[in-house]
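Each chain is listed here by its residues.
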Amino acid sequence: MSAIDLNDKIPNNVGLAGDRKLQRALERWQPQFIEWWKQMGPVAHQDDDVYLRTAVSVGKDGWANFDYVKMPDYRWGIFLADPEPDRRVGFGDRKGEPVWSDVPGEFRSDLRRLIVVQGDTEPASVEQQRHLCSTAPSLYDMRNLFQINVEEGRHLWAMVYLLHAYFGRDGRDEADMLLERHSGDADNPRILGAFNEPTPDWLSFFMFTYFTDRDGKFQLASLAESGFDPLARTCQFMLKEEAHHMFVGAGGIGRVVQRTVELMQAHDTTDVAPYGGINIDTLQRYLNLHYSVSLDLFGAETSTNAANYFAAGLKGRFQESRRDDDHQLRDAEVETPEVADGRIATRTVAALSALNLGLRSDYTDDCQKGVDRWNRILAPVGLELTLPHVGFHRAVGAFGGSSITPDGRLVSADEWQASRDRWLPSDGDRAHVTSLMVPVTEPGKMASWVAPPATGIATKPVEFEYVRA
Ligand SMILES: [Fe+2]
Ligand SMILES: [Fe+2]
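All values derive from a computational prediction rather than experimental measurement.

So, how was this worked out
- Residues numbered from 1 in each chain as written.
- Chains lettered and ligands numbered in written order.
- Predicted model: local features only at pLDDT ≥ 70, side-chain atom pairs only at ≥ 80, totals over all residues.
- Helix = DSSP H or I, 4+ residues; strand = E, 2+ residues; numbered from the N terminus.
- Rg over C-alpha atoms; globule rule 2.2 N^0.38 Å.
- Buried ≥ 20, exposed ≤ 12 C-beta atoms within 10 Å, placed from the backbone.
- Pairing = 2+ DSSP bridges.
- Expected span 1.5 Å × (residues − 1).
- Bend = angle between axes of the 7 residues up to and from the residue.
- Core = buried A, V, L, I, M, F, W, Y, C linked by C-beta atoms within 7 Å.
- Contact = placed C-beta atoms within 7 Å.
- Arc of directions from axis to C-beta.
- Axes fitted to C-alpha atoms, helices over the stretch in contact; angles between N-to-C directions.
- Parallel < 35°, antiparallel > 145°, perpendicular 65-115°, else oblique.
- Left-handed = near helix turned anticlockwise from the far one by under 90°.
- Nonpolar A, V, L, I, M, F, W, Y, C, P; charged D, E, K, R; others polar.

Peer 1: Please provide a residue-by-residue account of the overall build of the protein chain, values included.
Peer 2: When helices and strands are counted, the protein chain shows eleven helices and five strands. For a compact globule of 469 residues, the expected C-alpha radius of gyration is about 23 Å, and the protein chain comes in at 23 Å, within 12% of that figure. Dimensions along the principal axes, computed over C-alpha positions, put the protein chain at roughly 65 × 60 × 45 Å. Per-residue burial for the protein chain yields a buried fraction of 45% across its 469 residues.

Okay, here's the thing in structure tokens:
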């Protein structure tokens, strides 16, 4: 089941050759996808050889096969994790029933919506990042950017396969629209706000891959629990690829911090901007921005949709099967935040209604791990990065529209605005970061603001020519 024939027009492990109608429909979508990639993918280097990872099977060894490939020739395909025999719905009202290999009629529109929203984020990030290749701080980083881009393209394929295979005419229409909406397009934007913001520089890119791709990890992990088995299996495989994206963010920010510490020590100052570095307070402001907009992606703390998805067995919690409760949450209650009477308080609600809050809290715990690692690098200079309060700079949910400081104080809108440039990237921060975005294309060399990685990709050294014309 897990073998993939890369010579197939559309590489897959779903037996596409045995379903001519589906195969033909996807083969009609394929040239539109390639056209989209050429129009909206990386603005340069499309004819270069890039040292990329391609899946040749979904098993332990086969999914990470490294070789030079030109991006438009990347073998985008449809890969599902192998089925788990006798898998059962693990949560909700249908807990214990066999999982569904087809879409139950009553959940058709909910499932389609979940798949479309997830699918829309994948090409959106490629669009957001398309100019970054012109200012890559090293060939190693440029290669990582392209790896992420081609895999986000494959994640789009993963969702388009589900739409074509299980949702008939509506699904095919939705698949077409996934290529018609574009990030930041005034008339036809991407569905979620954070995916319409540009990723203007590499510091933003590292922050995006750490904080925003991590939202993706949590959404995929909860869909990987789905009772709709094809969705669960496709998300399980996507999560393997997603891990690299977050590594790029965690490692990238760690290397920026490392470089800043080196410059601070060499010049005996906290202001490393004159030496081509990025100050820790600037990093903190970028972190505050990307963390807060990523929190908004989890939606309102309490949500009837989320409760319905869970009860129906469509979308579980993070690591559902590792939890030792009843997986139905019929009587459970939790505390959810609220802003009332001029203060931040909590109220008690049914746990089932607060699943978004739960997923967001798990996300925050996961984000903290990277911050702890960066702080170990910072320890010698006695500085720290911190995650701001969850209410800071929020547009969605209980804190939406409230003026909350990074340390969690509710203040007046005027007071908040007056301090904005201390908390979020200022024009000065952006101008300095932009000034550092000069391309470095000599193998093994790094831009002034970022330390080299500890190791290269797969078995290759850092100074390997990861992208060659
Ligand atoms: Fe993705
Ligand atoms: Fe990703």
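Having seen the model, we can carry on.
Peer 1: Go over the pairing of strand 3 (residues 333–340) with me, naming the residues and quoting the values.
Peer 2: Across eight bridges, strand 3 lies against strand 4 (residues 343–350) in antiparallel orientation. Of the residues in strand 4, the one forming a bridge with E335 is T348. Counted between consecutive antiparallel strands, the loop separating strand 3 from strand 4 contains two residues, among which D341 sits at a positive phi close to 55 degrees.

Peer 1: Just give me the short version of unusual backbone geometry, but keep the residues and values in it.
Peer 2: Peptide bonds are, in most cases, trans, and in most cases residues other than glycine have a negative phi. In the Ramachandran plot, D86 falls in the positive-phi region, its phi being about 55 degrees despite a non-glycine side chain. As for its placement among the helices and strands, D86 is situated in the loop between strand 2 (65–69) and helix 2 (108–128). Here the phi dihedral of D341 falls at roughly 55 degrees; this positive angle occurs in a residue that is not glycine. Tracing the chain through its elements places D341 in the loop between strand 3 and strand 4.

Peer 1: Any details on helix 6 (residues 229–267)? Residues and values, ideally.
Peer 2: Here helix 6 is 39 residues long and its end C-alpha atoms lie 57 Å apart, about the 57 Å a rise of 1.5 Å per residue gives. Approximately 30 degrees is the largest bend angle found in helix 6, and it occurs at K240. Just past helix 6, the residue D268 takes up positive phi, approximately 50 degrees.

Peer 1: Now, about the nonpolar core: what can you tell me, with residues and values included?
Peer 2: Counting 114 residues, the largest nonpolar core has V160, M207 and V256 as its most contacted members. It is helix 3 (residues 139–166) that provides the largest number of residues to this core, a total of 15 residues. Not counting chain neighbours up to four residues away, the residues in contact with V256 comprise L203, F206, I278, L283, W449 and V450.

Peer 1: Kindly report on helix 4 (residues 168–180), identifying the contributing residues and their values.
Peer 2: In this model helix 4 runs 19 Å from its N-terminal to its C-terminal C-alpha over 13 residues, within 8% of the 18 Å that 1.5 Å per residue would give. Buried residues of helix 4: G171, E174, A175 and L178, and no others. Buried residues of helix 4 fall within an arc of 105 degrees about the axis and therefore sit on the same side. Projecting away from the buried face of helix 4 at angles above 90 degrees are the exposed residues R169, D173 and E180.

Peer 1: Describe in detail the packing of helix 5 (residues 202–223) against helix 7 (residues 280–296), supporting the description with residues and values.
Peer 2: Interhelical geometry of helix 5 versus helix 7 gives an angle of 30 degrees and a closest axis separation of 9 Å. On the basis of their axis angle, the class for helix 5 and helix 7 is roughly parallel. The handedness of the crossing between helix 5 and helix 7 comes out as right-handed. Here helix 5 contributes L203, S204, M207, F208, F211, T212 and D215 to the contact with helix 7, which in turn contributes Y286, L287, H290, Y291 and S294.

Peer 1: Describe the sheet that holds strand 1 (residues 49–54), with residues and values.
Peer 2: Strand pairing within a sheet occurs via backbone hydrogen bonds; the two strands may be parallel or antiparallel. As summarised here, the arrangement of the three strands in space is 2-1-5, forming an open sheet in which the pairing is antiparallel. With one partner strand each, in any of the chains shown, strand 2 and strand 5 (467–468) form the two edges of the open sheet. In the sheet, strand 1 pairs with strand 5 via two bridges, with the strands oriented antiparallel. Among the inter-strand pairings, V50 is bridged to a residue of strand 5, identified as V467. Against the sheet, helix 3 contacts strand 1 and strand 5, and its axis sits at roughly 50 degrees relative to strand 1.

Peer 1: So what's going on with the environment of Y466? Residues and values would help.
Peer 2: Tracing the backbone shows Y466 in the loop between helix 11 (427–436) and strand 5. Distance in space between the C-alpha atoms of Y466 and P72 is 17 Å, their sequence separation being 394 residues. Not counting chain neighbours up to four residues away, the residues in contact with Y466 comprise Y51, L139, Y140, M142, R143 and I457.

Peer 1: Can you explain the packing of helix 5 against helix 9 (residues 355–378)? Please cite residues and give values.
Peer 2: Here helix 5 crosses helix 9 at 135 degrees, and the two axes come no closer than 10 Å. Relative to helix 9, helix 5 is oriented oblique. Both helix 5 and helix 9 take part in a crossing whose hand is right-handed. Contacts between helix 5 and helix 9 involve Y210, F211, R214, D215, F218 and S222 on the former and, on the latter, L359, D362, Y363, D366, C367 and G370. Partitioning the contact of helix 5 with helix 9 into residue classes produces six nonpolar, two polar and four charged.

Peer 1: I'd like a description of the environment of V261, backed by residues and values.
Peer 2: Mapping V261 onto the fold places it in helix 6. What makes V261 buried here is the crowd of 20 C-beta atoms within 10 Å. Along the primary structure V261 and Q328 are separated by 67 residues, whereas in three dimensions their C-alpha atoms are 48 Å apart.

Peer 1: Explain the environment of D229 to me, using residue names and the numbers behind them.
Peer 2: Along the chain, the position of D229 falls in helix 6. Taking the C-alpha atoms as reference, D229 lies 42 Å from L424; in sequence the two are 195 residues apart. Excluding anything up to four places from it in sequence, D229 contacts P83, R87, V99, W100 and S101.

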